[in-house]
Amino acid sequence: MSKIEERVESLIKGKIEETGYNLYDVEYVKEGPNYYLRIYIDNEKGIDLNDCEKVSNAIDGILDEADYIKEQYYLEVSSPGLERILRKDKHFEKNIGKEVDVKLFKKDENGNKEYTGELKAFNEEEIEVGEIKIKRKDIAQIKTIYDWGNIEK
């Protein structure tokens, strides 16, 4: 997590909770010529567009006043989705025992660049998926896998 992401998280977390939501994650990225500050929110009932607008309005002034980000950026507030990216220890902890998809930056010593399996354990250095231990520094992305077969019709 970058310094900007950490500072923004500590700045807005209380306001988001006050508004009735949980702060899932903060992401500050450059895509092409543009910068994006993405705020992912959650609650037990799920998130819709009105929730995102409510939180965006609640935090926009706080972000402008703090002026942590010198570059022009786009503020996006959204749900983390059904298949959630895991970046923090709290994300890993909540998903122990669940199926995850792990993408590596490059092929490992087994010639694999991707693994899918049950997240069994994690620590600061590595995660365990199925019977495989993977160094966290080698992971490009890890996300949960939603069971689309269980959708009620």
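Structure's up top.
Notes on the structure follow. Bear in mind the structure is a predicted one, so any value in this text is a computation, not a measurement.

### Some words on the sheet that holds strand β3 (residues 73–78)
In step 1: Strands sit in the order β1-β2-β3 across an open sheet of three strands; the sheet is mixed. For this open sheet the edge positions go to β1 (22–31) and β3, each flanked by a neighbour on one side alone. For this sheet, the mean angle separating the axes of adjacent strands, direction not counted, is 15°.
In step 2: By the bridge criterion, nine bridges tie β1 to strand β2 (residues 34–42) in an arrangement that is antiparallel. Note that in β2 the partner of Tyr28 across the bridge is Leu37.
In step 3: Sitting on the sheet, helix α1 (residues 3–18) touches β1 and β2, and the angle it makes with β1 is about 145°.
In step 4: Against the sheet, helix α2 (residues 49–66) contacts β2 and β3, and its axis sits at roughly 140° relative to β3.

### Points about the packing of α1 against α2
Packed helix pairs are specified by the crossing angle of their axes together with the interaxial distance, meaning the distance between the axes.
In step 1: Across the interface, α1 lies against α2 with an axial gap of 10 Å and an inter-helix angle of 145°. Between α1 and α2 lies a crossing whose hand is right-handed. Of the residues in α2, those touching α1 at Val8, Leu11, Ile12, Lys15 and Ile16 are Val55, Ala58, Ile59, Ile62, Leu63 and Ala66.
In step 2: Of the residues belonging to the contact of α1 with α2, the class tally is 10 nonpolar, no polar and one charged.

### Quick notes on the pattern of salt bridges
In step 1: Across all of its chains, the model carries 17 salt bridges by this definition.
In step 2: Close ionic contact of Arg38 with Glu27 constitutes a salt bridge, the shortest N to O distance being 3.8 Å. With Arg38 in strand β2 and Glu27 in strand β1, this residue pair connects regions lying 11 residues apart in the sequence. Exposure class is identical for Arg38 and Glu27. Each is buried.
In step 3: Put simply, Glu5, Glu9, Asp25, Arg87 and Lys88 are held in one network by salt bridges that share partners.

### Brief notes about the pairing of β2
One face of the sheet, then the other: side chains in a regular strand alternate in exactly this way.
In step 1: Where burial is concerned, most of β2 is hidden: seven out of the nine residues are buried.
In step 2: From the end of β1 to the start of β2, which pair antiparallel, there are two residues, and Gly32 there has a positive phi angle of about 65°.
In step 3: In this sheet, β3 lies alongside β2 in parallel orientation, the contact comprising six bridges. Bridging from a neighbouring strand, Leu37 pairs with Leu75 of β3.

### Regarding the side chain of Glu9
In step 1: Looking at where Glu9 falls in the secondary structure, it is placed in helix α1.
In step 2: Taking the relative accessible area as the measure of exposure, Glu9 reaches 18% and is therefore buried.
In step 3: Engagement of the side chain of Glu9 in a polar contact is seen with the side chain of Lys88, the distance being 2.3 Å.

### Here's the deal with the sheet that holds strand β4 (residues 99–104)
In step 1: Here we have five strands laid out as an open sheet, ordered β7-β6-β5-β4-β8, and antiparallel in their pairing. Either end of the sheet is taken by a strand with one partner, and the two such strands are β7 (132–135) and β8 (139–144). The sheet shows a mean angle of 45° between the axes of neighbouring strands, direction not considered.
In step 2: Direction of pairing for strand β6 (residues 126–129) relative to β7: antiparallel, over a ladder of four bridges. Across the sheet, residue Glu126 finds its bridge partner in β7, namely Lys135.

The rules behind each value
Residues numbered from 1 in each chain as written. Predicted model: local features only at pLDDT ≥ 70, side-chain atom pairs only at ≥ 80, totals over all residues. Heavy atoms only, no water. Pairing = 2+ DSSP bridges. Helix = DSSP H or I, 4+ residues; strand = E, 2+ residues; numbered from the N terminus. Axes fitted to C-alpha atoms, helices over the stretch in contact; angles between N-to-C directions. Contact = heavy atoms within 4.5 Å. Left-handed = near helix turned anticlockwise from the far one by under 90°. Nonpolar A, V, L, I, M, F, W, Y, C, P; charged D, E, K, R; others polar. Salt bridge = Lys/Arg side-chain N within 4 Å of Asp/Glu carboxyl O. Buried < 20%, exposed > 50% of the residue type's maximum accessible area, 1.4 Å probe, protein only. Polar contact = N/O pair within 3.5 Å; in protein donor to acceptor, adjacent residues only side chain to side chain.

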